[in-house]
Amino acid sequence: MNIGKLPDRTIVRIAAHLPDLIVYGDFTPERPSTEYFDGVLMFVDISGFTAMTEKFSTAMYMDRGAEQLVDILNRHISVIVEKVLIFGGDILKFAGDALLALWKVERKQLKNFITVVVKCSLEIHGLLENQESEEGLDIRVKIGLSAGHIKKLVFGDEKSYFLVMGQTVEDVRFAQNIAQMNDIILSPNCWQLCDRNLIEIERIPDQRAVKVNFLKLPPAYNFDEFFMKCMTYMDYYPSSDHKNILRLASTLESDPQLELSLQKYIMRSILKQIDDKQLRGYLSELRPVTIVFVNLQFKGKETADDISQVIQDSSVYIDSVLKNFKGQINKVFMFDKGCSFLCVFGFPGEKVPNEITHALESAVIIFDYCSQIFKIKIVSIGVASGIVFCGIVGHSVRHEYTVIGQKVNIAARMMMYYPGIVTCDSVTYNNSNLPSYFFKELPKQHMKGVAEPGTVYQCLGLNETVMFGMSSLSCSKCEDYPLLGRDKEIKLFLHNMKEFLLSKSSQVLMFEGLTGYGKSQLISELVYLAQAEEHRVIAIGLTKISIHQHFYTIQLLMASVLGLDTCRHYKERQHNLEEKVKNCLDKEFYCILNDIFHVQFPMTREACRMSGVNKQKEIEELFMNILRKINKVEKLIFIIDEAQYIDITSWEFLENLIKKLNVFLIMSLSPFVDTPCKSASAIMKNRNTTYVIIGEISPKDIRSKVCLDLNVASIPQELEMYLLEGSCGIPLYCDELLKNLEHHKVLIVHQYQPEEKSNVNWHALFSKSHTMTMSSHLAHFSSHQDRIEVCDIEPGVRLKDMSPPSTLKEISLVQLDSMSLSQQMLVRCAAIIGQTFSTTLLFEILPCWNMKMMVEALTTLVQSSIFYCFQSSKELRLATRRKGATFEVHHRSLVLKASSRTESIREISVSENEMTQCQILRFCKPIMQKIAYELWLKDQKIALHVKCARFLEESAHKCENCGSGDFIPFHHYVVDIRLNTLDLDAVKKMIHTHGIKSKTILFLSKTKMGTPEIDSRMGWGLFDVIWSDKGRSRIQNRFCYIMMLCNRQEILMLKTQGVILSCYHYLFFFTSPEQIGEKILYFFDVTLEKITAADEIHPPIESCQCQEVLESVLLPLAYHFTVLEELDKALYYYLEIVAGYINLNDNYLAYIHLCEGERLLKYLKHKKSWCHILESAIFFTLKGQVSFNVGQMTLAKKMMRKALKLLKRVFPYSCISVFLQTHVEKNKHDFHMSQMEQDLCPPGKKKLAQLYQQISCLSSLWQIYSLDYASHCKYFSHLAAMMQVNSALETQDTFQIIKAYLDYSLHSQLAGYHGLWFKYEVMAFENIFNKPLNKETIEIIAYVAEKLSYIKYIMGYLDLSIQLGFRAHGMWQFMKDPSRHYFVLQRLSVALFMKNRYQKMVEVMNWMWSFATIEEHAISQGLFYLICLDILLYGGFIYRPFEECLGFINDQEDNKILKFHSGLLLALYSDVAIWFARLEDWENFQVFFNRAKKLVQRRTPSSLYCSGFNRFVECQVLYLQKQIQDQMENVKDIGVKLLKTLEDLVAQSSMGPIFHPRIYHLLAYVCILMGHEDNCHIFLRTALKICEVQGNVLEKIWLNISKVNNGNWEREVGFVDSDLKGHFRCLLKIWTFQGVVITGFN
């Protein structure tokens, strides 16, 4: 039925929650009030919803929540409600998945209306018959009908409730109970009153009730006419004037008095939402709550008025108790001669900590009160906790807020099957945090409708007679499960214990920590560690109720001290107590101990005369004397867990105790909710008190903890990330997340397969790589190597999308419900954006907020530890690297405590002014973001995600410092991904309204190889300026570069080859090569001078912001589009992200997001468009680049070939194809070179995107082939390099052409093509001279300086490399590009070190350290410490101590970024291994040598890897010495193999000449070890000759030392076979001598 849009009036929204019986009823203030009438009742019970609720509540993923459930529920229930309303019924109540409807009529109309209701019931069955929901759950209904006299009871006080009572109500309940699925049952009275001629029934055996089959209407019977006639007797049935209205109450006009009256019937939480005009869907959620079902059974002889008064009194009391504990009455029922109250704790807006405890306490209080009411026979209460559906159920015009779920059923069944007591389920028992002696396990009973209720407990309340012995903490320890991550706390304990044992004063050690930080586990460990013969340990644990018990803590402590906690009976306890106190207390005062220790000493007159204060003083003095007496014999250690529950009197006693006696008091406590009492504060401020704030545990300890919990040796990286991010280092969070995964059977445990047996592939190297945590606590695995088990994740499981466990959800809901509605809205909006968000985007999506409102709300939320705030992304990154570690507070004042805590754990007090400066915010707990996100409806989520995406895509490009383009060149021209209509370039033009208007600095024109040409049209260019200073005429740039790089002999050779023509003669006779070189270097200097002086070229204000763009723009965009199921757009941004992280040298995050892209690509594999093909090619290119960067060359080659095939640039496989393709590429190259002077039309943007990807693939391919030892691979490498040049020429992009030329030059030099490399360096350099000096040109010049510096370093031209390196440093410093800058500094430092220019090297090292510390950049720090280790090993002096270097390596062991830089790690590990080898610490040597050995196979064509591999080989040489000393078998074979490795290194093309001297030096060492002295001389001479050419002073010094000691070696050679030990000793002396000599040089 089309009912149109309902009026948006508050009274209409309120009326929708109430039946017409109330809306149009009498609002007399009298309570209780009654009304009698006749009518027909319909009870509809819908099956299947409870099971459906349970299915959704235990769903694995977040996208399976309340919204789907409420859609299914209301799709079925609204049909029933609509049908009831059409037939004139009034929905009285929704009881979960059932409803009760009333047709209120005069008694004489009952006969006709029973027919109407039967017709309605049959149509309801017709609508739902054989209907199955999309979830596969069978939805069926059974209906009971009754008719007769009914009583309405209205009761309550501040809140009003109503009931319908009487035999008719009992009859309809009975009819529904005996009904089967799809049955309609008429109660006996209803059958008596109905028109039997119209209803066909079926008799039910042994019952007076009957089953309806159908209506047998006569052929001429007009039911519609009959129905309309009946409706005239209904007072509030919509008339013909409201034919589109289902319910007349939906047309109510505003009436303040009526509105106030109706509000009393609505729950508090619902009224808040109605006032806030929240949508009904927002009120529906799967929520952890605690259900308390209260049933009052009456004695049976009461009058109706008596029962009404009892219900009134009970409801008022129950309501008052619940109000104190944030509980609410949701429903009140009257069935089976009893009244039931459905009470709920944890409704939206009402969630508080300790909810279960409050529910149990309320249940006990209600039980005690109601049991005393005379008219009540039995009080039964069932308490159950868990996730249920809480939400609006029904139709838009008539609905109610109700709860549905298995936990509701369990609470109801426990109430029925365990009468007369308070019962609870096992979840409530386990999560109550109350001592076990509060409960009693009950025998199991079969309960209808509950398959597995679990263990049921009776809640006894506080039973003081059994509490002794229950509070003691265990002193045992599980050896297989050590305490992890609390080393600092244990050290503090041991230190304080030592101080206590040595001193005569008391010591206090207090550990404060939030819930879940592992305080109790720490205390248990300390109890175990404190055990010793010379002292006595008394350990107790307190509970929430302890604080309300007078002197309770001391009572427990003294019971343990006196040995009363082990007594089984009070008589035994009384006898032992008498023995202990007989010398300390007069006998007539024994009775004052009766209440303390629950004994029964006879009361005396003297004791009765004592006041309470005097009794307390006497008891305290007695206890002090007993403790003083014991303290003379043994030391006393008191350990108290949950010390925040110590009562005030006990605090006062403890304060006096530590003043008067020498005791050690250890406590763990949560932060005080209120200001601690005076005595507690005094203890905290005591000079002998050590107050410790417990922090989170480290990622390493989290990983070890999980391995122990799962009993495995390792866990996958994805699981580790999920647990680290979700737990935030909190042990409880980690435990709950792990339990949730085990519950959903996500984890697989299987036997470990060693690496050498497993296939190495993309996933095996990264996501499936198991980090074996074979530390001391896992040592038992090593003894059963063949049985080691590891953990993996079920295929297809998305951990990050999993719904959080209910326990953690409850913690977050408590925080959410404590907020105002506006703050909740802000948190929910922030959750849409993600874990981290910007204030600008948040403001964009907040509905109708102004900036002041947002700042005020954010300030409050930051102070409440919901958000962290940061002024920049850099500050955020630095903060996320620092965990909240344990720290000590010296409590001389609470102000100092607050100050210390503020600095350490970010519980900061932020002013609104400070908040306005914060740009970035982050959820303190990821769980909060997930929970807040789940509260949104699907349509609302989509709208907000679209809004976020529209806002972010305007900034979806590189930072302005990097040119504001795509991370993948011309990417957005290929794929149409934008939501907004403006093109990206147009948007950028609008955003960046100011461009760089450079003054054009003209350079000499390009010319072909041949006679120089001077362009008379050009003015004084940069070279004109250079040469005019010396009075020289202008000259072509190419020859300047020739003279710079070549000596005279090389120039003569080039001249004969036709490379240099007539212009050369001019340069040769009038200028020396050194002068020309200086002038070329001067070119870079002048460029630097000009860019720093030019007004038009402004240096960047801050360094590259691309990482911020990736984190705050592109990652959120990819996330938003994934949620919106715009997979092509999401794939686009993930590829951009991967490219961005590759540019930033973060291969780990590139890999992580590449996996996301791979998943999306599989979903889009059916698309065959060119755009999708190019996206696939880009994906393979990026995957190849990541594989290339981490040394997985086989996979990299495969990916590059795949990409080239898709890019229509197929790379050949066979040698014949290579030769043919090389010929084709040469011709193509000649063609491109001939076209360079012509003004050709540049390629289109899509073509450029294709060409750029080809260049990227080919650049990697030639380097991959250069690593291969096979001779034919150099042809493949040469072809790839040539193809790269041709693709670059085709782009007509100067930067790409220069890059390709320099790459080709490097390839030619490494491959030995002496004529080619020079030509292409010249061509690369001449391209610079023709560019106007703007920002792009500066970047090109900086790149050229850096690349040339690298090439000259690799090729051994150290002086030139250093000179170029300083120029590159100056330019990148100006450009503020850290991703390139720190590599320049590293190579510069190494080159200076080789030249023994230590003063300049130290200056550069200082620059590196400053850069590394400011940015806290792991790679730059690693490079810095690598050079420090090299200085220690080969320089003979200390720039940073070895301990600091080793500390960095150990601290960064889990750093994912460093793990993906195999060359850097290989060098670091090898250096450390060399250090330990020189110290003959072979055990530590082996540790780092093995680490390095695992990285050797991950070869990369980088100088870092080459350097690291050289160091690794040096480790092998040192270890060979050790093997010779130990006279190992096959030592000669090992030596021969090592010689072969070193010879291969020299032959390998990727190993630049700069490394050759060290390799030849190592060859000489191995030769002398093997007895080949002739070869040793040859290698030494070769190395010295190369050092002379390169200017490698450092290695030359080492070689000269070796040459000096060569005589010693020769004398020892004869003993290689006979006296290996003597030979080894000689070698060690040489090594030591070398180190001493180098120290002397410095």
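Calculation criteria
Residues numbered from 1 in each chain as written. Predicted model: local features only at pLDDT ≥ 70, side-chain atom pairs only at ≥ 80, totals over all residues. Heavy atoms only, no water. Helix = DSSP H or I, 4+ residues; strand = E, 2+ residues; numbered from the N terminus. Buried < 20%, exposed > 50% of the residue type's maximum accessible area, 1.4 Å probe, protein only. Contact = heavy atoms within 4.5 Å. Areas by Shrake-Rupley, 256 points an atom, 1.4 Å probe, with all protein chains shown as cover. Pairing = 2+ DSSP bridges. Right-handed = clockwise from strand over helix to strand, strands pointing away. Polar contact = N/O pair within 3.5 Å; in protein donor to acceptor, adjacent residues only side chain to side chain. Salt bridge = Lys/Arg side-chain N within 4 Å of Asp/Glu carboxyl O. Phe/Tyr/Trp six-rings, centres within 6.5 Å; stacked < 30°, edge-to-face > 60°. pLDDT = per-residue confidence, 0-100. Axes fitted to C-alpha atoms, helices over the stretch in contact; angles between N-to-C directions. Left-handed = near helix turned anticlockwise from the far one by under 90°. Nonpolar A, V, L, I, M, F, W, Y, C, P; charged D, E, K, R; others polar. Arc of directions from axis to C-beta. Parallel < 35°, antiparallel > 145°, perpendicular 65-115°, else oblique. Expected span 1.5 Å × (residues − 1).

A. Layout of the overall build of the protein chain. Scanning the protein chain from terminus to terminus reveals 70 helices and 27 strands. In the protein chain, which comprises 1642 residues, the share counted as buried stands at 59%. Across the protein chain, contacts joining residues at least 24 apart in sequence account for 76% of those joining residues at least 6 apart. Surface accessibility of the protein chain: about 68600 Å² in total, with carbon and sulfur atoms responsible for 51%.

B. Broad picture of the pairing of strand β19 (residues 635-641). β19 sits mainly inside the fold: 7 of its 7 residues count as buried. Burial along β19 is two-sided: K635, I637, I639 and D641 facing one way and L636, F638 and I640 facing the other are all buried. Note that β19 and strand β20 (residues 663-669) share 5 bridges and pair parallel. Bridging across to β20, L636 finds its partner in V663. Taking the sense of rotation as the criterion, the β-α-β connection linking β19, helix α22 (residues 648-660) and β20 turns out right-handed.

C. The side chain of R1558, seen in detail. Topologically, R1558 is positioned in helix α66 (residues 1556-1570). Overall, the relative accessible area of 7% leaves R1558 in the buried class. Within polar-contact distance, the side chain of R1558 engages the side chain of E1595 at 2.9 Å.

D. The arrangement of unusual backbone geometry in detail. Of the consecutive residues R31 and P32, the connecting peptide bond is found in the cis state with omega at 0°. Mapped onto the secondary structure, P32 falls in the loop between α2 (20-23) and β1 (33-47). Positive phi, normally seen in glycine, also occurs at K326, with a value near 65°. Within the secondary structure layout, K326 lies in the loop between α11 (304-324) and β10 (327-335). Classification of K326 as partly exposed rests on a relative accessible area of 40%. The phi angle at E1125 is positive, at roughly 60°, despite the residue not being glycine. Mapped onto the fold, E1125 is located in the loop between α45 (1106-1123) and α46 (1127-1143).

E. Broad picture of the pattern of salt bridges. Here the structure, examined in full by the defined rule, presents 53 salt bridges. Here E655 makes a salt bridge to K659, at a shortest N to O gap of 3.4 Å. Note that E655 and K659 are positioned in helix α22 at a spacing of 4 residues, about one turn of the helix.

F. The arrangement of the packing of aromatic side chains in detail. Applying the stated criterion to the full structure yields 60 aromatic pairs. Plain terms: the ring middles of Y429 and F439 are 5.0 Å apart, the flat faces sit at 85° to each other, and that makes the pair edge-to-face. Within this pair, whereas Y429 is found in helix α14 (residues 426-431), its partner F439 is found in strand β15 (residues 439-441), the two being separated by 10 residues in sequence. Ring geometry for W1409 against F1424: centres 4.8 Å apart, planes inclined by 35°, an arrangement best described as tilted. Placement of the pair is W1409 in helix α58 (residues 1398-1415) and F1424 in helix α59 (residues 1418-1435), with a sequence separation of 15 residues. Taking the relative accessible area as the measure of exposure, F1424 reaches 0% and is therefore buried.

G. Expanded view of the environment of L1131. Position of L1131 relative to the elements: it lies in helix α46. In this structure L1131 comes out as buried when scored by relative accessible area, which is 2%. Along the primary structure L1131 and L1160 are separated by 29 residues, whereas in three dimensions their C-alpha atoms are 6.2 Å apart. Ignoring anything within four residues of it in the chain, the contact list for L1131 reads G1157, L1160, L1161, L1164 and E1175.

H. Main features of the confidence of the model for the protein chain. Per-residue confidence for the protein chain averages 81 on the pLDDT scale, and 83% of its residues sit at or above 70. Every residue in residues 1047-1071 is under pLDDT 50, and counting partners more than four places away or in other chains gives 41 contacts. Long-range and interchain partners of residues 1608-1642, a stretch whose pLDDT sits below 50, account for 64 contacts in this model, where long-range means more than four residues apart.

I. Local environment of the packing of helix α49 (residues 1193-1206) against helix α51 (residues 1245-1266). In contact at an axis separation of 10 Å, α49 and α51 are set at 145° when each is read in the N-to-C sense. Crossing of α49 over α51 shows left-handed handedness. Contact residues: α49 offers M1193, A1196, K1197, M1200, R1201, A1203 and L1204, while α51 offers Q1254, C1257, L1258, S1260, L1261, I1264 and Y1265. Of the residues belonging to the contact of α49 with α51, the class tally is 10 nonpolar, 2 polar and 2 charged.

J. Highlighting helix α60 (residues 1442-1451). Among all positions in α60, only F1442, C1445, L1446, F1448 and I1449 are buried. For α60, the arc enclosing every buried residue in end-on projection is 155°, short of the 170-degree limit, so these residues lie on one face. Seen from the open side of α60, the exposed residues pointing more than 90 degrees away from its buried face are E1443 and D1451. If you follow the buried residues of α60, they end up packed against α59, α61 (1456-1459), α62 (1462-1478) and α63 (1482-1496).

K. Structural context of the sheet that holds strand β24 (residues 836-838). Strand order in the open sheet formed by 3 strands is β24-β27-β25, with antiparallel pairing between adjacent strands. Unpaired on one side and paired on the other, β24 and β25 (867-870) mark the two borders of the sheet. In this sheet, neighbouring strand axes are inclined to one another by 25° on average, regardless of whether the strands run parallel or antiparallel. Sheet analysis places β25 next to strand β27 (residues 920-923), joined by 4 bridges and oriented antiparallel.

L. Expanded view of the side chain of D792. With respect to the secondary-structure elements, D792 resides in strand β23 (residues 789-793). Here the side chain of D792 touches H750 through a polar contact of 2.7 Å, side chain to side chain.

M. A look at the packing of helix α50 (residues 1215-1235) against helix α52 (residues 1273-1291). Taken N-terminus to C-terminus, the directions of α50 and α52 make an angle of 30°; their axes are 9 Å apart at the nearest point. As far as their axial angle goes, α52 and α50 are roughly parallel. α50 and α52 meet at a crossing whose hand is left-handed. Taken together, the residues of α52 that come into contact with α50 (itself represented by C1215, V1218, F1219, Q1221, T1222, E1225, K1226, K1228, H1229, H1232 and M1233) are Y1275, F1276, H1278, L1279, M1282, M1283, V1285, N1286, L1289 and E1290.

N. Fine view of helix α21 (residues 612-631). Helix length check: α21 (20 residues) gives 28 Å between terminal C-alpha atoms against 28 Å at 1.5 Å per residue, within 8%. Taken residue by residue, α21 has Q616, I619, E620, L622, F623, M624, I626, L627, I630 and N631 as its buried positions. Buried positions along α21 lie against β18 (535-541), α17 (552-561), α18 (570-581), α19 (594-597), β19 and α22.

O. Molecular detail of the pairing of strand β4 (residues 140-156). Taking burial as the measure, the 17 residues of β4 include 16 buried ones, the bulk of the element. Pairing of β4 with strand β6 (residues 184-186) involves 3 bridges; the strand directions are parallel. Its bridge partner lying in β6, I143 is registered against I184. Here β4 pairs with strand β5 (residues 160-165) via 6 bridges, running antiparallel.

P. The arrangement of the environment of A831 in detail. One can find A831 in helix α30 (residues 821-833). Those residues in contact with A831, other than ones at most four positions away along the chain, are F923, Q929, A932, Y933 and Y1119.

Q. Local environment of the environment of M165. Its place among the elements puts M165 in strand β5. Taking the C-alpha atoms as reference points, M165 and H149, separated by 16 residues in sequence, lie 9.2 Å from one another. Among residues more than four places away in sequence, those in contact with M165 are I150, K151, L153, I307, I311 and M334.

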